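Here are the chains, one letter per residue:
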Amino acid sequence: MAILGRLLKNRRSGETHAAWNRPNLHGPELLDLSSRNFDHGGTIPPEHHAKNAGGQNLSPHLAWNPPPAGTAQLLLVVEDTDVPTPKPAVHCVVLIDPAVRDLAPGALAAQQPAPGVTVLRSTIGRGYHGPAPIKGHGPHHYTFQLFALATPLATVPGKTGPDKARPSALLPSIAAPVLARGRLIGTVER
C-alpha cells in the first residue's frame, strides 16, 4: 500500500470543491470550532482514526461558541481534502440542534448519536468515519466545518429529505443563508 501512496503522492483533491468553498455555504467566520483532542493544524490522535488504520473510529470532542440568533440548525461536514480523487472525501455529515454547544467523543456514531444530533449520509456511509489515508501518501488534512443555517434543511432535489441524500446532492442544494461558520483542521499521516 505504501507504494501506491508514493505513486499518488502528487494527486490530491484540494480545497476547491470542499464544503467551505461552496458559494452557497459562505458566511462570516464567527464560530470558533475547537477540540480537546487536537489543536487546529495538529495531529488527530490514533483513537479517532478508522479501525483499518489502527484506530477506534471514535469521533473527537468538538466545541464551539454560541451561534448567532436566528440559527435554525447547525451543519457539520468533515472532509479529507488530500484524497487522490477529483473531490474531497466526505467522512461525516450531521445536523445539530443549535442549543448544543459541544459534542463528547463518540457523539457522531451512526448507531447512537448524541442527543440533538441527526446523522446524514457521507461519501463512506453514515456517522463518523475516522481518518485512514493511504500509507505513504503523505499528510492528509481533515477539515471539520460547522455552518449555522438560518432555516432547516428541506427536501433535496430527487429525494424526500436530507437524510437520504448523498453529500454531492445535499451540499449544493442548501439554500438557507449561512449566518456563521467555523472550521478546525487536523492532520493524519501513515
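For clarity, every value in this text was computed on a predicted model and none was experimentally measured.

Asker: I'm lost on the overall build of the chain in this one. Help?
Answerer: Looking only at helices and strands, the chain features two helices and seven strands. For the chain, whose C-alpha radius of gyration is 16 Å, the value lies close to the compact-globule estimate of 16 Å for 190 residues. Considering only C-alpha atoms, the chain reaches an extent of 50 × 35 × 30 Å along its principal axes. Looking at the 190 residues of the chain, the share that counts as buried comes to 50%. A separation threshold of at least 6 residues defines the contact pool for the chain, and within that pool the share at least 24 residues apart is 76%. When the accessible surface of the chain is totalled, it reaches about 8,700 Å², and 54% of it is carbon and sulfur. Seen as two clouds, the 18 positive and the 12 negative side-chain charges of the chain have centres 10 Å apart.

Asker: Is there a simple way to think about the layout of surface pockets in this case?
Answerer: Gaps between atoms show up when a probe of the same size as a water molecule is rolled over them. Estimates place the volume of the largest pocket at around 200 Å³. Taken together, His17, Arg22, Glu79, Lys87, Pro88, Val90, Ser122, Thr123, Arg166, Pro167, Ser168 and Leu171 form the lining of the largest pocket. Looking at the lining of the largest pocket element by element, the count peaks at three residues for helix H2 (residues 167-173). Per-class residue counts for the lining of the largest pocket are four nonpolar, four polar and four charged. Its boundaries defined by the atoms lining it, the second largest pocket holds a volume of some 170 Å³. Along the walls of the second largest pocket sit 15 residues, with Asp80, Val83, Ala89, His91 and Ile124 positioned nearest its centre. When contributions to the lining of the second largest pocket are tallied by element, the ones reaching two or more residues are strand S3 (89-96) and strand S6 (140-149). Residue classes in the lining of the second largest pocket are distributed as nine nonpolar, four polar and two charged.

Asker: Would you explain the pairing of strand S7 (residues 178-188) in this entry?
Answerer: Looking along a regular strand, one sees side chains alternate from face to face of the sheet. Burial analysis of S7 places nine of its eleven residues in the buried class, which makes it a mostly covered element. Pairing between S6 and S7: ten bridges, direction antiparallel. Bridging across to S7, Ala148 finds its partner in Ala180.

Asker: What exactly am I supposed to notice about the nonpolar core here?
Answerer: Where a protein is soluble and globular, its nonpolar side chains tend to be buried together. Grouped together as the largest cluster of nonpolar side chains are 27 residues, with contacts concentrated most on Trp64, Ile96, Leu103 and Phe144. Tallying contributions element by element places S6 first for this core, with four residues. With sequence-adjacent residues up to four places away left out, Trp64 is seen in contact with Asp32, Leu33, Leu74, Ile96, Val100, Arg101, Asp102, Leu103 and Leu146. The next biggest cluster of nonpolar side chains, apart from the first, holds 18 residues, and it includes Trp20, Leu25, Val90 and Leu149.

Asker: Explain the packing of aromatic side chains here, please?
Answerer: The geometry of an aromatic ring pair comes down to the distance between the two centres and the angle between the two planes. Under the definition given, this model contains two aromatic pairs. Look at Phe38 and Phe144: their rings are 5.7 Å apart centre to centre, the planes differ by 45 degrees, and that puts the pair in the tilted class. Of this pair, Phe38 sits in the loop between helix H1 (2-7) and strand S1 (62-63) while Phe144 sits in strand S6, and the two are 106 residues apart along the sequence. For the pair Phe38 and Phe144, a shared accessibility class is recorded, and that class is buried. The ring of Trp20 carries the charged tip of Arg181 above its face, separated from the ring centre by 3.8 Å.

Scoring rules and cut-offs
Residues numbered from 1 in each chain as written. Predicted model: local features only at pLDDT ≥ 70, side-chain atom pairs only at ≥ 80, totals over all residues. Heavy atoms only, no water. Helix = DSSP H or I, 4+ residues; strand = E, 2+ residues; numbered from the N terminus. Rg over C-alpha atoms; globule rule 2.2 N^0.38 Å. Buried < 20%, exposed > 50% of the residue type's maximum accessible area, 1.4 Å probe, protein only. Contact = heavy atoms within 4.5 Å. Areas by Shrake-Rupley, 256 points an atom, 1.4 Å probe, with all protein chains shown as cover. Lys, Arg positive; Asp, Glu negative; His and termini not counted. Charge placed at Lys NZ, Arg CZ, Asp CG, Glu CD. 1 Å grid on protein atoms, 1.4 Å probe; cavity = no way out; pocket = protein on both sides within 12 Å on 5 of 7 lines; lining within 4 Å. Points joined across faces, edges and corners; volume = space filled by probe spheres on them. Nonpolar A, V, L, I, M, F, W, Y, C, P; charged D, E, K, R; others polar. Pairing = 2+ DSSP bridges. Core = buried A, V, L, I, M, F, W, Y, C linked by side-chain atoms within 4.5 Å. Phe/Tyr/Trp six-rings, centres within 6.5 Å; stacked < 30°, edge-to-face > 60°. Lys NZ or Arg CZ within 6 Å of the ring centre and 35° of its normal.

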